[in-house]
Amino acid sequence: MKPSIIIILFSTVLFVNSYGQIKDASQNLKQQANKMGVAFVSGDYKTFANYTYPLILKSMGGASKMIEVLNKTSIDMKLKGMSFSNITFDEPSKIVKSGKELQATITQHTEIKLSQGKLISTSTLIAMSTDNGIGWAFIDTSNKDMATLRKALPNLSPSIIIPPQQPPVRYNM
């Protein structure tokens, strides 16, 4: 075989392999975001904490403290006639590599049941993977500007863009 044909074949194999890895990473990201959303809505905050970016867990005092806060918030909401009823996700953004991490964003739609209607809040999560897209951890960017996020996450790729927070939409029933 001529060297040029070998180079073309080798390049094609590398491209197909790397495309497959990114596709799998993207599918893993969406699947894990969905699992995280189901865990949150069902009150399985231990599973939810497993999908939370480690620096966020640390800043909250660890997983057990986060679970305690989420349980209290859930109880307080129920006393006011509110509860989280559904969380859905759009497709993830393009995955980028920053240092040893893969990073992307994914839009989250959170439905909150009210005593008379519902509220739908849309926010953007940052997704980060340190194992080439096999496992993902998430950071909610609600009410945080890019300067704050970049200070807290110095490894955040400049390619990561967070759209402005939109006000929640209320539906009366």
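Look up: the structure comes first, before these words.
Predicted model only: the values in this text are computed from it and were never measured.

Enquirer: Help me out: how do you make sense of a nonpolar patch on the surface in this one?
Expert: A cluster of nonpolar side chains, namely Val169, Tyr171 and Met173, defines an oily patch on the protein surface of about 340 Å² accessible area. With respect to the helices and strands, valine 169 occurs in strand β6 (residues 169-171).

Enquirer: What's the story with the packing of aromatic side chains in this structure? I'm lost.
Expert: To describe a pair of aromatic rings, one takes the distance between the centres and the angle between the planes. Enumeration according to the criterion identifies three aromatic pairs in this entry. Centre to centre, the rings of phenylalanine 40 and phenylalanine 84 are 4.8 Å apart; their planes meet at 70°, and the pair counts as edge-to-face. With phenylalanine 40 in helix α1 (residues 3-42) and phenylalanine 84 in strand β1 (residues 83-89), this residue pair connects regions lying 44 residues apart in the sequence. Under the relative-accessibility criterion, phenylalanine 40 is labelled buried at 12%. Following the ring pairs from residue to residue traces out a cluster consisting of Phe40, Tyr45, Phe48 and Phe84.

Enquirer: Where do I start with the environment of serine 42 in this structure?
Expert: By secondary structure assignment, the location of serine 42 is in helix α1. In this structure the C-alpha to C-alpha distance between serine 42 and serine 85, which are 43 residues apart in sequence, comes to 8.5 Å. There is a polar contact of 3.1 Å between the side chain of serine 42 and the backbone oxygen of alanine 39.

Enquirer: Would you mind going over the nonpolar core with me for this structure?
Expert: The nonpolar side chains of soluble globular proteins are, as a tendency, buried together. Core analysis: the largest hydrophobic core is formed by 23 residues, its most contacted members being Leu29, Met36, Phe48, Phe89, Ile106, Trp136 and Phe138. For this core, the element with the most residues is α1, which contributes six residues. Setting aside its immediate chain neighbours within four residues, isoleucine 106 contacts Leu29, Lys30, Ala33, Phe89, Asp90, Glu91, Pro92, Ser123, Thr124, Leu125 and Phe138. Counting eleven residues, the second largest nonpolar core, distinct from the first, contains Met128, Leu153, Ile160 and Ile162.

Enquirer: It is not clear to me how the pairing of strand β4 (residues 117-129) should be interpreted in this structure. Could you clarify?
Expert: Within a regular strand, side chains alternate between the sheet's two faces. As judged from the 13 bridges shared by strand β3 (residues 101-114) and β4, these two strands associate in the antiparallel manner. Residue pairing in the sheet places isoleucine 106 in a bridge with leucine 125 of β4. Hairpin remark: β3 followed by β4, antiparallel, with two residues in the connecting loop. Strand direction decides the pairing type here: β4 and β6, joined by three bridges, are antiparallel. When the sheet's bridge partners are listed, lysine 118 is paired in β6 with tyrosine 171. As paired strands, β4 and strand β5 (residues 137-140) are joined by four bridges and run antiparallel to one another. Counted as the bridge partner of isoleucine 126 is isoleucine 139 from β5.

Enquirer: How do you make sense of the pairing of β3 when you look at a structure like this?
Expert: The buried count for β3 comes to ten of 14 residues, which makes it a mostly enclosed element. By the bridge criterion, six bridges tie β1 to β3 in an arrangement that is antiparallel. Across the sheet, the residue bridging to phenylalanine 89 is glutamine 108, located in β3. Linking strand β2 (residues 96-98) to β3, which pair antiparallel, is a turn of two residues; within it glycine 99 sits at a positive phi near 65°.

Enquirer: I tried to follow the pattern of salt bridges on my own but got confused; where do I start?
Expert: Side-chain pairs of opposite charge can arise whenever the charged atoms involved come near each other. If you walk through the whole model with that rule in mind, you get four salt bridges. Close ionic contact of lysine 118 with glutamate 111 constitutes a salt bridge, the shortest N to O distance being 3.9 Å. Overall, lysine 118 belongs to the partly exposed group, its relative accessible area being 22%. Judged by its relative accessible area of 21%, glutamate 111 falls in the partly exposed class.

The rules we used
Residues numbered from 1 in each chain as written. Predicted model: local features only at pLDDT ≥ 70, side-chain atom pairs only at ≥ 80, totals over all residues. Heavy atoms only, no water. Patch = residues over 30% accessible without salt bridge, like charges linked within 9 Å, V, L, I, M, F, W, Y side chains within 5 Å. Areas by Shrake-Rupley, 256 points an atom, 1.4 Å probe, with all protein chains shown as cover. Salt bridge = Lys/Arg side-chain N within 4 Å of Asp/Glu carboxyl O. Helix = DSSP H or I, 4+ residues; strand = E, 2+ residues; numbered from the N terminus. Phe/Tyr/Trp six-rings, centres within 6.5 Å; stacked < 30°, edge-to-face > 60°. Buried < 20%, exposed > 50% of the residue type's maximum accessible area, 1.4 Å probe, protein only. Polar contact = N/O pair within 3.5 Å; in protein donor to acceptor, adjacent residues only side chain to side chain. Core = buried A, V, L, I, M, F, W, Y, C linked by side-chain atoms within 4.5 Å. Contact = heavy atoms within 4.5 Å. Pairing = 2+ DSSP bridges.

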